[in-house]
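Notes for the structure review
So the chains spell out like this:
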Amino acid sequence: MTNPAPAIFPPSGIGDATPTNQAVLDWVHDIAALTEPENIFWCDGSERENEFLIAESLNQNVLIKLNQQKVPRSYLHRSNPNDVARVEQCTFVCTPTKEEAGPTNNWSEPSEMYAKLRGLLKGAMRGRTLFVIPYMMGPSDSPLTKVGFEITDSKYVVLNMRIMTRMGEMALKRLGNDPNAEWNRGVHSLLDINPERRFICHFPQDNTIISVGSGYGGNVLLSKKCLALRIGSYLARTQGWMAEHMLILGVESPEGRKHYVAAAFPSACGKTNFAMLIPPAHFKGWKVTTVGDDIGWMQIRDGRLYAVNPENGYFGVVPGTSYKSNPNAMKSIAHDTIYTNVALTDDDDVWWEGKDGPAPSHAVDWRGNDWTPESKEKAAHPNSRFTTPMRNNPKLDSDVEKGDGVPISAIIFGGRRSDTVPLVYQAFDWNHGVYLGATMASETTAAAAGAVGKVRRDPMAMLPFCGYNIGQYFQHWLDIGKGLSSPPLIFNVNWFRKGVKGQFLWPGFGENMRVLKWIVDRCEGTGGALKSPIGWLPSPHDLDLAELDIDHKCVAEILGIDHEEWAKELAEHKIFFDSLGGVVPDELLKQRERVAARFKE
């Protein structure tokens, strides 16, 4: 395929990462013939290309330049007010049968959805540039690494993908010339940002993603939730590995003993804060490092689970981020960052609710309207985001690029629960741990469209992201356990338990190190615990609470189990399993019966 004669760009020497793989060239040719762009731009990921696209984006008001003294090389983007979060109701898994997609996914027959999408994409890029983004998910030498190509008509997408993935020539080299090589096909077009014409569609058997009608992060950065989790989970099951919605952190004791922990929390429940945790002063000599803040790909080697972070950057929720809550995140986003839907101050700085210091007396809110502290609306959208390179993180783990991955000692599940679930407890074994993950729930936040504060079951934090039948997903977890001679210990945490007056009982943030320390102790066989019907619980004496200003009654309450509340909880587990229509493996049904029986002992 030859590029059409460019009108404005690409200028000579950039935008020329043309692959030699004929299958990719043929695919781009087909999409270009359908969408009829004015130009084709082959993204190379270079610094010169980035500077050019930023300049173009500033000229076209796609980006707003920020105060370069306060936030160097950083920019603000405002999305359409109708396009500010993931849209699960518009997200489809397209498999030959509905059973393959399972009860938790919106399903469409592939040929029907392809026909609908082709109709929407026909001529969609007239007068626009078609960008081809070659990218790689995973370290360059990892056996788990995947290559993808995203076609888009959005400069915002290109600039974010450059941060979030390993983009350009390295992806082309990884793919090579084999026309039968595995690679992901991703097509995105803004269309007219009309919610009625918004579809995010996944075709697992074809390794294809098509997204139209949105310009918002998770809907259009097709490497992220779409490939890394929805398509990734399907590939993982068929290829014998795991693609999970998990942060990965390293924790090292003063004596130099290091463990890696993976944790699955629903979006906006503290993943980034936990991944970048700074131990309190009491834990002098302890170090916590970040491998990843959102996605973990794991494989079995020598009877253990090893994990890599496939991403190259962080796409985090901004509101509430401060030097008090997450100093490492604040340092990470102090430069070379794209902000989405935060407020703009009069001196061209960014502001959001929860940021350090007083609120500005005047700002322009995320919609572009004047804002003052007396305004009824929030200045920053509750799901406003930052996109920043992982290299900005001062506590980035030294093995983040290790292709074989890091060994996982513990897996943590955790949601936002104001009652019932204690601060931390440990599963009795792997299968019991899978049950904890399969039944975990969280009170919904602004990260997903819909009501906020409703308790929703979110298995392994994968409810919106599992790309195939959830029952088969549970079985895959159980099967993985059979291949592990040294499985990670599995825990459940809840930082968000509230007292009778509605106050949080646990301080959270850096103080979560106290829970992490107990988890490490359990991994090393030194931590004490009490057996309970739901798992191993620490007593107040098993947690290092020295120098923590917390009432002993609060500690007892957050570690306590109310039998009446748990009777309701177990009933909800049954209702949830029943709602899935008979796909839940028998082993998990038996696990529920065993928990119920232990309450009667």
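Worth saying up front: this structure is predicted, and the values here are computed from it rather than measured. (Residues numbered from 1 in each chain as written. Predicted model: local features only at pLDDT ≥ 70, side-chain atom pairs only at ≥ 80, totals over all residues. Heavy atoms only, no water.)

Here we look at the overall build of the protein chain
Put simply, the rule is: Under the DSSP-based scheme used, a helix requires at least four consecutive residues in state H or I and a strand at least two consecutive residues in state E, with every element numbered from the N terminus. Radius of gyration: C-alpha atoms only; globule rule: 2.2 Å multiplied by the number of residues to the exponent 0.38. By definition, residues are in contact when any of their heavy atoms lie within 4.5 Å. By the counting rule applied here, Lys and Arg register as positive and Asp and Glu as negative, while His and the ends of each chain are not counted. By convention, the charge on Lys lies at NZ, on Arg at CZ, on Asp at CG and on Glu at CD.
Looking only at helices and strands, the protein chain has 16 helices and 31 strands in total. Computed over C-alpha atoms, the radius of gyration of the protein chain comes to 24 Å, within 12% of the 25 Å expected from 2.2 N^0.38 for 601 residues, which places it in the range of a compact globule. C-alpha extents for the protein chain along the principal axes are approximately 75 × 55 × 45 Å. Counting contacts in the protein chain only where the partners sit at least 6 residues apart, residues at least 24 apart contribute 73% of the total. Across the protein chain, the 63 positively charged side chains and the 71 negatively charged ones have centroids separated by 2 Å.

What to know about the sheet that holds strand E24 (residues 385-389)
Pairing between the strands of a sheet is mediated by backbone hydrogen bonds and can be parallel or antiparallel. Threshold: DSSP-based pairing: two strands are paired if at least 2 bridges between them are found.
An order of E2-E3-E19-E24-E18 is seen for the five strands of this open sheet, with the pairing classed as mixed. Unpaired on one side and paired on the other, strand E2 (64-65) and strand E18 (313-317) mark the two borders of the sheet. Alignment of E18 against E24, held across five bridges, turns out to be antiparallel. Across the sheet, Phe315 pairs through a bridge with Thr387, a residue of E24.

Structural notes on the packing of aromatic side chains
For the record, the criterion: Pairing of aromatic rings covers Phe, Tyr and Trp, the last through its six-membered ring, and needs centres within 6.5 Å; plane angles under 30 degrees mean stacked, over 60 mean edge-to-face, and all others mean tilted. Classification of residues uses two cut-offs on accessible area relative to the type maximum, computed with a 1.4 Å probe and protein chains only: under 20% is buried, over 50% is exposed, and between them is partly exposed. Here, a charge over a ring is recorded when the distance from Lys NZ or Arg CZ to the ring centre is within 6 Å and its angle to the ring normal is within 35 degrees.
This model, assessed by the stated rule, comprises 23 aromatic pairs. Here the aromatic rings of Phe265 and Phe274 are separated by 5.9 Å at their centres, their planes lie at 35 degrees, and the arrangement is tilted. The two residues Phe265 and Phe274 agree in class, both being buried. Between Trp351 and Trp371 the ring centres are 5.3 Å apart and the planes differ by 35 degrees, which places this aromatic pair in the tilted class. Here the residue Trp351 occupies a position in strand E21 (residues 350-351), and Trp371 occupies one in strand E23 (residues 370-371), the gap between them amounting to 20 residues. Every member of this aromatic cluster is reached through a ring pair, and the members are Trp27, Phe149 and Trp183. Above the plane of the ring of Trp183 lies Arg185, whose end atom (NZ or CZ) is 3.7 Å from the centre. One residue, Lys531, lies across the ring of Phe428, its end atom 5.5 Å from the ring centre.

As for the packing of helix H15 (residues 563-579) against helix H16 (residues 586-600)
Rules: Lines fitted to the C-alpha atoms define the axes, with helices restricted to the stretch that makes contact. Angles between their N-to-C directions range from 0 to 180 degrees. Put simply, angles under 35 degrees are roughly parallel, angles over 145 are roughly antiparallel, angles from 65 to 115 are roughly perpendicular, and the rest are oblique. For a crossing to be left-handed, the near helix must be turned anticlockwise from the far one by less than a right angle; the clockwise case is right-handed. Polar here means any residue outside two lists: the nonpolar Ala, Val, Leu, Ile, Met, Phe, Trp, Tyr, Cys and Pro, and the charged Asp, Glu, Lys and Arg; Gly therefore counts as polar.
One way to put it is that H15 packs onto H16 with a least axis distance of 11 Å and a crossing angle of 165 degrees. With respect to H16, the element H15 is oriented roughly antiparallel. The way H15 lies across H16 gives a crossing that is left-handed. Note on element contacts: H16 touches H15 through Leu588, Leu589, Arg592, Val595, Ala596 and Phe599, opposite His563, Trp566, Leu570, Ala571, His573, Lys574 and Phe577. Looking at the contact of H15 with H16 residue by residue, the class counts come to nine nonpolar, two polar and two charged.

Let's talk about the pattern of salt bridges
The cut-off we apply is this: Salt bridge, as applied in this entry: a Lys or Arg side-chain nitrogen positioned within 4 Å of an Asp or Glu carboxyl oxygen.
This structure, assessed with the given rule, holds 27 salt bridges. With its nearest N and O atoms 2.5 Å apart, the salt bridge here joins Lys70 to Asp347. Of this pair, Lys70 sits in the loop between E2 and strand E3 (75-77) while Asp347 sits in the loop between strand E20 (343-345) and E21; the two residues are 277 residues apart in sequence, bridging distant segments of the chain. For Arg514, the salt bridge is made with Glu511, and the minimal N-O distance between the two is 2.7 Å. Here the two residues Arg514 and Glu511 agree in accessibility, since each one is buried. Sharing partners across several salt bridges, the network here consists of Lys224, Lys225, Lys271, Asp294 and Glu311.

Looking at the sheet that holds E21
The strand order E21-E20-E22-E23 describes an open sheet built from four strands, whose pairing is antiparallel. Strand pairing shows two members of the sheet lacking a second neighbour, E21 and E23, which therefore form its edges.

Overview of the pairing of strand E16 (residues 296-301)
Sheet topology places strand E12 (residues 242-244) next to E16; three bridges connect them, and they run antiparallel. Looking at E16, one finds that Glu244 is bridged to Gly296. As judged from the five bridges shared by E16 and strand E17 (residues 304-308), these two strands associate in the antiparallel manner. Bridge assignment links Ile300 to a residue of E17, and that residue is Leu305. Where E16 folds back on E17, the antiparallel hairpin that results is connected by two residues, among which Asp302 adopts a positive phi of roughly 55 degrees.

Here's the deal with the nonpolar core
Just so we agree on the cut-off: Residues grouped as a nonpolar core are buried Ala, Val, Leu, Ile, Met, Phe, Trp, Tyr and Cys residues, joined through side-chain atoms within 4.5 Å.
Counting residues in hydrophobic clusters, the biggest one holds 112 residues, and the most contacted among them are Tyr339, Ile408, Ile411 and Trp477. Per-element tally for this core: the top contributor is helix H8 (residues 223-239), with eight residues. Filtering out sequence-adjacent residues up to four positions away, Trp477 remains in contact with Met242, Glu244, Met246, Ile411, Phe413, Trp430, Val434 and Met460. Counting residues in each nonpolar core, the second largest holds 37 residues, with Trp286, Val520, Leu545 and Leu548 among its members.

Some points on the side chain of Ser325
Rules: Whenever a nitrogen or oxygen atom comes within 3.5 Å of another N or O atom, the pair is scored as a polar contact, on the condition that within protein one atom can donate a hydrogen and the other can accept it, and that pairs from neighbouring residues in sequence are kept only if both atoms are in side chains.
In this structure, Ser325 sits in the loop between E18 and helix H10 (327-332). Classification of Ser325 by relative accessible area gives buried; the value is 8%. Of the polar contacts made by the side chain of Ser325, one reaches the backbone oxygen of Gly320; its length is 2.8 Å. Only 2.9 Å separates the side chain of Ser325 from the backbone nitrogen of Ser322, close enough to count as a polar contact. Discounting residues that sit within four places of it in the chain, Ser325 has contacts with Asn273, Gly320 and Phe509.

Looking at the confidence of the model for the protein chain
A low pLDDT means the predicted coordinates there should not be read in detail. To keep it simple, the criterion reads: pLDDT runs from 0 to 100 and stands for how confident the predictor is about each residue.
Scored by pLDDT, the protein chain comes out at a mean of 95, with 96% of its residues at no less than 70. Throughout residues 1-8 the model reports pLDDT below 50, and contacts reaching past four residues in sequence, or to other chains, amount to 14 contacts.

Focus on helix H12 (residues 470-482)
Every α-helix winds through 3.6 residues per turn, so residues three or four apart in the chain are directed the same way. Under the convention used in this document: Multiply 1.5 Å by the residue count of a helix minus one, and that product is the helix's expected span.
Taking 1.5 Å per residue as the helical rise, H12 with its 13 residues ought to reach 18 Å, and the 19 Å between its terminal C-alpha atoms agrees with that figure. Among the residues of H12, those classed as buried are Ile470, Gly471, Tyr473, Phe474, His476, Trp477, Leu478, Ile480 and Gly481.

Points about the pairing of strand E6 (residues 129-137)
Of all nine residues making up E6, nine are buried, and the element is well covered by its neighbours. Here E6 shows two buried faces, one formed by Thr129, Phe131, Ile133, Tyr135 and Met137 and the other by Leu130, Val132, Pro134 and Met136. Where strand E1 (residues 39-42) meets E6, four bridges bridge the pair, whose relative direction is parallel. By the bridge assignment, Trp42 is partnered in E6 with Val132. Judged from the seven bridges that link them, E6 and strand E7 (residues 146-152) form a sheet pairing that is antiparallel. The residue bridging Met136 from the neighbouring strand is Val147, located in E7. Of the strand pairs in this sheet, E6 and strand E8 (residues 166-167) are connected by two bridges, and their pairing is antiparallel.

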